[in-house]
Amino acid sequence: MTIEKPKVLIVDDLPANRIAMRKLLNRLNCEVVEAGSGNEALTCCINQDFAMVLLDVNMPEMDGYEVARLLKDEPTTQHIPVIFVTAAHEDMEHQLRGYRTGAVDYIQKPVDDLILLSKARVFIDLYNNRQWARYELERSEALRQTSAENEARFRQALMDAPIPIMLYADDGKIILLSHVWTELTGYTLNNMSTVVDWFSKKLTLSEGIQETVDQPVIASDSLNFEEFQFLTQDGQCLIWIIHQSSLAPLTDGRQLTVLMAIDVTERKQNEIALKQYQDHLEEEIQQRTADLVLARNAAEAANKAKSVFLANMSHELRTPLNAILGFSSMILKDAQLPENQLRNLEIINRSGEHLLSLINDVLEMAKIEAGRIQFEEAQFDLGSMIRDVADMMSVRAQDKGLALLIDQSSEFPRFIVGDEARLRQILINLIGNALKFTQQGGVTLRLGIKQDPNAQLLIEVEDSGFGISPENQRHIFEPFVQLGEQGDGKGTGLGLTITRQFVRLMGGHISLESTLGKGSLFRIDLPLREVKENDLIKSKETSRGEVVSLAPGQPAYRVLIVEDQLENQLLLTQLMECIGISTKIAKNGKEGVELFQSWHPHLIWMDRRMPLMDGIQAAQAIRLLPEGKAVKIVAVTASAFMEQRDEMLQAGMDDFVRKPYRSSEIYECLSRQLGVTYIYDGVAEPQEQDMPLTPEMLSALPDELRKDLLDALESLDSEDIDSIIQQIANYDQPLQKALTNLAESFDYSAILKALRECR
């Protein structure tokens, strides 16, 4: 073992503070390590050993109290002394909170250089002593198995150590006192023969040391940086910080313990007044702590009750919505429907979709608060997703007479890894919010990349709306907040709250810049992982239109519907029978098991919550039957929580459809499970493979047309770009298709590059 140079960790989110303390600590013989956040500090402490940690209290993401608590809960780091250094929380309650987390000191900023250096020197010296002692102890372990001469050499090394050292056996008898120990205390083996004699010199016995006095065998590692106040032989009061460690057993079986100390008398005298005040407030603090525990327990109980309530409400709300949206969508397909009834049904369907959106927002927020949100990362086409969102939101923009622009002044990757659904929801929330509070002008979406130091995806949504006052900016991300009267008043007030939580859970950051009367800009940066187009797992699904019937030449499928709600029974029955599939209905899980045994269906639509026997119990019972392993069972549930889906799949179900569902989801699930094929109404033609764009393809165009296209691309005028690309069809249709594909993916940089190379 080598004696390492002591390290001191400075944890502060402000670089200026870290630099100042580093300059100060460089006066000492130590290595200074810096961490800008709580997570970085924890990583440093796990991978390195430190003489002490100077820890800031107020930091983003994880404050100093939480960092200290985690350090003390981890066996490999709990020995590291922690000193809080903060400019905030001067009150005694926060100082006591710091001590309760395991800190050894609490220093207010601005820090007095001499005080900080004095405290740091104590723990650096203690670290050096501990390193030296550990070195000697490890060396003594090797010498223990050798001759008595080597053992004597070990004893002499301890005697000559530059720190107070005591060596005692498991029977309490003191074997050795170092010269420094004797010089400082005046005690020798003649007037202090047992360790009980030593501990009896302590002026104020703590609970841990009192136990040591009462036990004849006291070898223990529990005395770790314990404060020990005692009287010397001449009556002088000293305060030591002591630490003891057990050595390997000797050849004769005896267990030895070495006790080391460092004198902190001067420093502790400065803390006597504070300690007296702490003792005076201890009872009040205990009462407050008890009150906080009661409040925490009440909050946890309320949160659990809320989760149960939301799970029940999810079922109760989604179940009727399933019937409303399902039947209205089916009736809308009727070509014979009178126009006035068609409008009424469209209103019903839109209202149902809006209500579903509100319910989803509330449930999404509840899942975030309960820590039950789950992200599903996968490869996806970012450009295609941006195009879909822009197409969807442009309808809302046009209804208000606003422009929705995609500003691609800097390049962004087309293919990335992430949670596509959550990112889509973030964009929809931000663009929808911008459109809501903008009456003239428009909304601009920008994307780009920055290195900080790792790759970050930048997303900006800027509007020309009313703007947000500084006062309201402080509350804009709070739940259920709807600011001002300029918007349309719709929604739950949860969109921005959910957006911020999603961004944080993805490891990113969201910020707001706004000026009253000029508009607002929301900026997001997210960790970026790119993939190559060739590596992208492309979806095989294509738009095929509405399902009309089963394709000919297929078996006569039998489908069992296990559902207790009449309206949902009717909806699933109509969806099956309109394509020629035979069905039977069971009103609960018990009837479902009985019908399965007598009718032997190919597939079962299984509701989860039913009387007598629920869907999980029914699925488990069916799987135990002779033919139960072959049947396909699909859960149909209104559950809002992902873990409930996993629970149903583990119970033996093959797939999962959540209410309210669309007919396409039901038919796609049938196809996945049974291999069913369909006849579609209005089958879309297969898309041709994208043709790569080359400068030679553009060189055949008229110069004026190329110049117009270049000007439109540089000004990011999407309408002019689309118009000019349509004109190119008169000259070269394959080229027009290649340009259209690139423009729809907002890959303007590829077109600009080809245009400039063909000059």
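Residues numbered from 1 in each chain as written. Predicted model: local features only at pLDDT ≥ 70, side-chain atom pairs only at ≥ 80, totals over all residues. Heavy atoms only, no water.

Its location among the elements puts Lys-7 in strand S1 (residues 7-11). Looking at Lys-7, the relative accessible area reads 17%, which means it is buried. Separated by 41 residues in sequence, Lys-7 and Gln-48 place their C-alpha atoms 8.6 Å apart. Once you skip the residues sitting within four places of it in the chain, Lys-7 turns out to touch Glu-31, Gln-48, Asp-49, Phe-50, Ala-51 and Met-52. (Helix = DSSP H or I, 4+ residues; strand = E, 2+ residues; numbered from the N terminus. Buried < 20%, exposed > 50% of the residue type's maximum accessible area, 1.4 Å probe, protein only. Contact = heavy atoms within 4.5 Å.)

Here the protein averages 81 in pLDDT, while 82% of its residues score no lower than 70. Note on residues 205-222: pLDDT under 50 across the span, and 32 contacts to partners over four residues away in sequence or across chains. Low pLDDT, under 50, characterises residues 683-689; the stretch is placed with three contacts to residues that sit more than four places away or in other chains. (pLDDT = per-residue confidence, 0-100.)

This part is about the pairing of strand S17 (residues 519-527). For a regular strand, side-chain orientation follows a simple rule: the groups alternate between the two sheet faces. In terms of burial, S17 is a largely internal element, seven of the nine residues being buried. The pairing of strand S15 (residues 455-463) with S17 spans seven bridges and is classified as antiparallel. Bridging across to S17, Gln-456 finds its partner in Pro-527. Alignment of strand S16 (residues 509-515) against S17, held across seven bridges, turns out to be antiparallel. (Pairing = 2+ DSSP bridges.)

Turning next to the sheet that holds S15. Spatially, five strands are ordered S12-S14-S15-S17-S16 in an open sheet, and the strand pairing comes out mixed. Strands at the two margins of the open sheet, each flanked by one partner only, are strand S12 (403-407) and S16. Each adjacent strand pair in this sheet contributes to an overall mean axis angle of 15 degrees, direction not counted. As paired elements, S12 and strand S14 (residues 442-451) share five bridges and run parallel to each other. (Axes fitted to C-alpha atoms, helices over the stretch in contact; angles between N-to-C directions.)

Looking now at helix H2 (residues 38-47). Looking only at H2, the buried set comprises Gly-38, Ala-41, Leu-42, Cys-44 and Cys-45. Axial view of H2: buried residues confined to an arc of 160 degrees, hence all on one face. Of the exposed residues in H2, those oriented more than 90 degrees away from the buried face are Ile-46 and Asn-47. Lining the buried residues of H2 we find S1, strand S2 (31-35), strand S3 (52-55) and helix H3 (64-73). Sitting at the head of H2, Ser-37 places a side-chain oxygen 3.3 Å from the backbone nitrogen of Glu-40. (Arc of directions from axis to C-beta. Polar contact = N/O pair within 3.5 Å; in protein donor to acceptor, adjacent residues only side chain to side chain.)

Next up on the list: the pairing of S14. Of the strand pairs in this sheet, S14 and S15 are connected by nine bridges, and their pairing is antiparallel. Counterpart to Leu-447 in the pairing with S15 is Ile-459. Connecting the antiparallel pair S14 and S15 is a turn made up of three residues.

Its place among the elements puts Cys-45 in helix H2. The sequence separation of Cys-45 and Gln-78 amounts to 33 residues, and the corresponding C-alpha distance is 9.8 Å. Among residues more than four places away in sequence, those in contact with Cys-45 are Leu-9, Phe-50, Val-53, Leu-71, Thr-77 and Ile-80.

This part covers the packing of helix H25 (residues 733-744) against helix H26 (residues 748-757). Taken N-terminus to C-terminus, the directions of H25 and H26 make an angle of 135 degrees; their axes are 7 Å apart at the nearest point. As the angle between them shows, H25 and H26 are arranged oblique. Here Leu-739, Leu-742 and Ala-743 of H25 lie close against H26, whose contacting residues are Tyr-748, Ala-750 and Ile-751. Looking at side-chain class alone, the contact of H25 with H26 contains six nonpolar, no polar and no charged residues. (Parallel < 35°, antiparallel > 145°, perpendicular 65-115°, else oblique. Nonpolar A, V, L, I, M, F, W, Y, C, P; charged D, E, K, R; others polar.)

Let us now look at the side chain of Thr-444. Considering the arrangement of structural elements, one finds Thr-444 in strand S14. When near neighbours in sequence (up to four residues on either side) are disregarded, Thr-444 contacts Leu-405, Asp-407, Glu-460, Val-461 and Glu-462.

Next up on the list: H25. With twelve residues, H25 extends 16 Å between its outermost C-alpha atoms, agreeing within 8% with the 16 Å of an ideal straight helix rising 1.5 Å per residue. Those residues of H25 that fall on the buried side of the exposure criterion are Leu-735, Gln-736, Ala-738, Leu-739, Thr-740, Leu-742 and Ala-743. Contacts from the buried residues of H25 go to helix H22 (695-699), helix H23 (703-714), helix H24 (718-728) and H26. Capping of H25 at its N-terminal end is provided by Asp-732; its side-chain oxygen lies 3.2 Å from the backbone amide nitrogen of Leu-735. (Expected span 1.5 Å × (residues − 1).)

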